[in-house]
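# Coordinate inspection notes
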Amino acid sequence: MKIKKFDVVELKNKNKAVILEIYKRKRYYAEIVNDKGETINKKEIISKEIDKIIYRKEIEK
């Protein structure tokens, strides 16, 4: 699965995350958010923690 900057993903622990930066080897810096929309923290996650992509930012033409 190809993940891009500013995608919203669901993690395997059912929290959601916004991808802020993309690092090498399928590592991402993300803002982790709970189901109420409150920011838990910002940390580095790996692709194995990601369950699915919820929202992908559309490119304006």
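The coordinates are above.
Residues numbered from 1 in each chain as written. Predicted model: local features only at pLDDT ≥ 70, side-chain atom pairs only at ≥ 80, totals over all residues. Heavy atoms only, no water.

### Topic: the overall build of the chain
Going by this rule: Elements are defined by DSSP. Helices are runs of H or I of four residues or more, strands are runs of E of two residues or more, and each kind is numbered from the N terminus. All radius of gyration figures rest on C-alpha atoms, and the globule criterion is 2.2 Å times the number of residues raised to 0.38. Exposure categories follow from relative accessible area, calculated using a 1.4 Å probe and restricted to protein chains: below 20% of the type maximum is buried, above 50% is exposed, and the middle band is partly exposed. Between two residues, a contact is recorded if the distance between any of their heavy atoms is within 4.5 Å. For accessible areas, the Shrake-Rupley method is used with a probe of radius 1.4 Å. Any residue's cover is judged against the shown protein chains and nothing else. We treat Lys and Arg as the positive residues and Asp and Glu as the negative residues; His and chain ends play no part in the count. Here the site of a charge means atom NZ of a Lys, CZ of an Arg, CG of an Asp or CD of a Glu.
A count of helical and extended segments in the chain gives zero helices and five strands. Moving toward the C terminus, one meets the helices and strands of the chain in the order β-β-β-β-β. In terms of C-alpha radius of gyration, the chain reaches 11 Å, essentially the compact-globule figure of 10 Å for 61 residues. In terms of principal-axis extent, the alpha carbons of the chain reach across some 35 × 25 × 20 Å. Per-residue burial over the chain gives 25% buried out of 61 residues. Across the chain, every contact between residues at least 6 apart in sequence was considered, and the portion connecting residues at least 24 apart equals 33%. Of the roughly 4900 Å² of accessible surface on the chain, 48% is carried by carbon and sulfur atoms. When the 18 positive and 11 negative side-chain charges of the chain are each reduced to one mean point, those points stand 7 Å apart.

### Digging into the nonpolar core
Heads up, the condition is: We define a nonpolar core as any set of buried Ala, Val, Leu, Ile, Met, Phe, Trp, Tyr and Cys residues linked to one another through side-chain atoms lying within 4.5 Å.
Counting 10 residues, the largest nonpolar core consists of I3, V9, L11, A17, I19, Y28, A30, I32, I45 and I50. At the level of secondary structure, the elements contributing two or more residues to this core comprise β1 (8–11), β2 (16–23) and β3 (27–33). At three residues, the largest contribution of residues to this core is made by β3. If near-sequence neighbours (up to four positions away) are discounted, L11 is found in contact with A17, I32, I45, E49, I50 and D51.

### Digging into the pairing of strand β4 (residues 39–46)
To keep it simple, the criterion reads: In this scheme, strands are said to pair when DSSP sees at least two bridges between them.
In the sheet, β3 pairs with β4 via seven bridges, with the strands oriented antiparallel. What sits directly across from E31, in β4, is K42. Count of turn residues in the β3/β4 antiparallel hairpin: five residues, of which G37 carries a positive phi of about 90°.

### Digging into the side chain of E10
The topology assignment puts E10 in strand β1. With relative accessibility at 12%, the residue E10 sits in the buried group. Setting aside its immediate chain neighbours within four residues, E10 contacts N15, K16, I50, D51, K52 and I54.

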